[in-house]
Amino acid sequence: RAALADSEPELALSPARLTVTFGFGPGLVARAGGSAPGWLSPLPAFGIDRLQPEFSDGDLLLQIAGDDPLTVSHAARMLLKDSRSFASLRWSQSGFRRAYGTERPGTTMRNLFGQVDGTANPQPGTTEFDDVVWAHNGWLAGGTGFVLRRIRMDLDKWDELDRSGREASVGRTLSNGAPLTGTEEFDEPDFDATTGIGFPVIANFAHIRRARDDDGVKIFRRAYNYDERPAGSSVSESGLLFVSFQADIARQFIP
């Protein structure tokens, strides 16, 4: 159904699995007289960061998702129109995954490097997922911590790397996302395996080796791609909207 006072109600006739997720920043929690979790604060600086103010900060987050861009655009406009009396828009960012119906449901997404992205996620509906994602105490019980990192991917530089180099950088094959020591996407990687001359099959710099946490700490990632207008001699200005959900950002995401 169209929202009250929707001046274009015809644009709301196809819901296209629309969802809206609301996130509260420390400023909003303070205005409501609440006590924010200790991790609800700016993230510490990471060595690779080149943060841009135009994509940072804010008190209220709206993540609007759906299978049809027109539906998403209209929902965003209606929500932003409603918010004008109490908020100003700080930033927005469009992202995308495969269109619904393009692949079998449950297929791991690919990023714009062509890599399968998110294989190690806990599976929704399992005890592991509930433990990783949902807070269990206080007013946040049943909620979660949300982190968004806008990661620029240098596709022009990536084009200069051959296929074996691309696979070595991640530790997985590009064809199906299997670890270099396995044959299927969800095979457990063998980090002790070596080549005939003694080098690790999964290199020390490989993403899956560096991302593996010995203490079993996990996050749930649901990333989106972005593709903007390139500038200068580049033919791409693209990247990954790295979204992660976790019960405790300090304990899970920051490490």
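Residues numbered from 1 in each chain as written. Predicted model: local features only at pLDDT ≥ 70, side-chain atom pairs only at ≥ 80, totals over all residues. Heavy atoms only, no water.

Once that is clear, we can look at the overall build of the chain. In terms of helices and strands, the chain carries seven helices and six strands. Helices (α) and strands (β) of the chain occur, in sequence order from the N terminus, as β-α-β-α-α-β-α-α-α-β-β-β-α. A fraction of 65% describes how many contacts in the chain between residues 6 or more apart in sequence connect residues 24 or more apart. Counting every atom, the chain has about 16500 Å² of accessible surface; 53% of that belongs to carbon and sulfur. Mean positive and mean negative side-chain charge positions of the chain (27 and 34 charges, respectively) differ by 3 Å. (Helix = DSSP H or I, 4+ residues; strand = E, 2+ residues; numbered from the N terminus. Contact = heavy atoms within 4.5 Å. Areas by Shrake-Rupley, 256 points an atom, 1.4 Å probe, with all protein chains shown as cover. Lys, Arg positive; Asp, Glu negative; His and termini not counted. Charge placed at Lys NZ, Arg CZ, Asp CG, Glu CD.)

Attention shifts here to the packing of aromatic side chains. Under the counting rule described, the total for this entry stands at six aromatic pairs. Between F129 and W134, the ring centres sit 6.4 Å apart and the planes meet at 75°, which makes this aromatic pair edge-to-face. By relative accessible area, which is 10% here, F129 ends up buried. Through pairs of rings, three or more aromatic residues link up here, namely F46, F242 and F253. (Phe/Tyr/Trp six-rings, centres within 6.5 Å; stacked < 30°, edge-to-face > 60°. Buried < 20%, exposed > 50% of the residue type's maximum accessible area, 1.4 Å probe, protein only.)

Before going further, it helps to spend a moment on the pattern of salt bridges. Taken as a whole and judged by the stated rule, the model has twelve salt bridges. Here R90 and D57 are joined by a salt bridge, their closest N and O atoms 3.8 Å apart. Of this pair, R90 sits in the loop between α2 (69–83) and α3 (127–133) while D57 sits in the loop between α1 (26–31) and β2 (60–65), placing them 33 residues apart in sequence. Residue classification places R90 among the partly exposed residues on the basis of a relative accessible area of 49%. D57 sits in the exposed class, given a relative accessible area of 58%. (Salt bridge = Lys/Arg side-chain N within 4 Å of Asp/Glu carboxyl O.)

Bringing a nonpolar patch on the surface into the picture now. Side chains of L18, V20, F22, F24, L60 and F86 sit close together on the surface and give an oily, nonpolar patch of about 560 Å² of accessible area. The biggest single contributor to the nonpolar patch is strand β1 (residues 19–24), with three residues. Turning to its location among the elements, V20 is positioned in strand β1. (Patch = residues over 30% accessible without salt bridge, like charges linked within 9 Å, V, L, I, M, F, W, Y side chains within 5 Å.)

The subject of this paragraph is the nonpolar core. Core analysis: the biggest nonpolar cluster contains 16 residues, and W39, F113, L240, I249 and F253 have the highest contact counts within it. For this core, the elements supplying multiple residues, two or more each, are β3 (145–153), α4 (155–158) and β6 (237–246). Sequence-distant contacts of W39, defined by excluding residues within four places in its chain, comprise L140, T144, G145, A247, D248, I249 and A250. A65, V132, Y224 and Y226 belong to the second largest nonpolar core, which has ten residues in total. (Core = buried A, V, L, I, M, F, W, Y, C linked by side-chain atoms within 4.5 Å.)

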